[in-house]
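Structure at a glance
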Amino acid sequence: MKEFILLYLLLCSVPGIAQETELKFKDHTHRFGKIAEGEVIEHTYVFTNVGDMPVIFNTYKVACACTIVDLPQKPVLPGQQGTIVVHFDTAGKIAYQDREITIFSNAKKSPHKLRFTVNVKN
């Protein structure tokens, strides 16, 4: 019985010391302004791992193949900065474009939503 109580107390204390990873982005939204149709544009989103554990990026989701995302390939350690680079091909796009990128990782508040807007002129 004594061992059971000790095990119970130990298991109850684990969530209090559990470590998590958390991301803090410099910005979640970028506005490109006016861009000529046919250009491939890119923006780098900067973040810091403000958690206690390394952050590992799994995948991302976008609305179309015109948007490509470069995620960090290695874990980003606590206190380190990292970048996510988004490329958008404006070929065949016209007028105002408002795009959202959903980023999946092991972070506490995953997924993260990033967004960009651009006004494509032909």
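The text that follows walks through the structure, step by step, so that each part is easy to find. These figures come from a predicted structure and were not determined experimentally.

1. Re the sheet that holds strand β3 (residues 40-49)
Strand order in the open sheet made by the four strands is β1-β3-β6-β5, with antiparallel pairing throughout. Whereas interior strands pair on both sides, the edge strands pair on one side only; in this sheet they are β1 (23-25) and β5 (67-70). Geometrically, the sheet is characterised by an average inter-axis angle of 30° between neighbouring strands, direction not taken into account. Across nine bridges, the pairing between β3 and strand β6 (residues 81-89) is antiparallel. Paired with E42 across the strands is H87, a residue of β6.

2. Section: the environment of N58
With respect to the helices, strands and loops of the structure, N58 is situated in strand β4 (residues 57-61). The sequence separation of N58 and L71 amounts to 13 residues, and the corresponding C-alpha distance is 8.5 Å.

3. Structural notes on the pattern of salt bridges
Per the stated rule, a full pass over the model turns up five salt bridges. Its salt-bridge partner being R115, residue D98 comes within 2.6 Å of it at the nearest N-O pair. Taken together, the residues span a long stretch of sequence, with D98 in strand β7 (residues 95-105) and R115 in strand β8 (residues 112-121) at a distance of 17 residues. By relative accessible area, D98 is classed as partly exposed at 37%. According to the relative accessible area criterion, R115 is partly exposed, its value standing at 32%. Sharing partners across several salt bridges, the network here consists of D98, E100, K113 and R115.

4. Details of the state of the cysteines
This model, assessed by the stated rule, comprises one disulfide. Bridging C64 to C66, the disulfide has an S-S length of 2.0 Å. Its relative accessible area of 24% is what places C64 among the partly exposed residues.

5. Some words on the packing of aromatic side chains
Within a pair of aromatic rings, the relevant descriptors are the distance that separates the centres and the angle that separates the planes. Within the structure shown, the criterion is met by four aromatic pairs. Between F32 and F116, the ring centres sit 5.7 Å apart and the planes meet at 85°, which makes this aromatic pair edge-to-face. Linking F32 in strand β2 (residues 29-36) with F116 in strand β8, this pair joins segments that are 84 residues apart in sequence. We classify F116 as buried; its relative accessible area is 1%. Ring pairs connect the aromatic residues F25, F47 and F57, which therefore count as one cluster.

Conventions and cut-offs
Along each chain, the written sequence defines residue order, and numbers are assigned to residues from 1. Only residues with pLDDT of at least 70 are given local features in this predicted model, and only at 80 or more are side-chain atom pairs given and counted; all residues enter the totals for whole chains, interfaces and linings. Only hydrogens and water are set aside; all other atoms, that is, all heavy atoms of the structure, feed into the side-chain values. Pairing between strands is defined by DSSP: at least two bridges between the two strands are required. Under the scheme used here, helices are H or I runs from DSSP no shorter than 4 residues and strands are E runs no shorter than 2 residues, and both carry numbers assigned from the N terminus. Note on geometry: axes are C-alpha line fits, over the in-contact stretch for helices, and angles between N-to-C directions span 0 to 180 degrees. Salt bridge, as used here, is a side-chain nitrogen of Lys or Arg placed within 4 Å of a carboxyl oxygen of Asp or Glu. Exposure is judged per residue with a 1.4 Å probe applied to protein chains only, and the accessible area is read against the type maximum: over 50% gives exposed, under 20% gives buried, and values in between give partly exposed. By disulfide we mean two sulfur atoms from cysteines, separated by a distance within 2.5 Å. Aromatic rings from Phe, Tyr and Trp, with only the six-membered ring used for Trp, were paired whenever their centres fell within 6.5 Å, and each pair was classed as stacked if the ring planes differed by under 30 degrees, edge-to-face if by over 60, and tilted otherwise.

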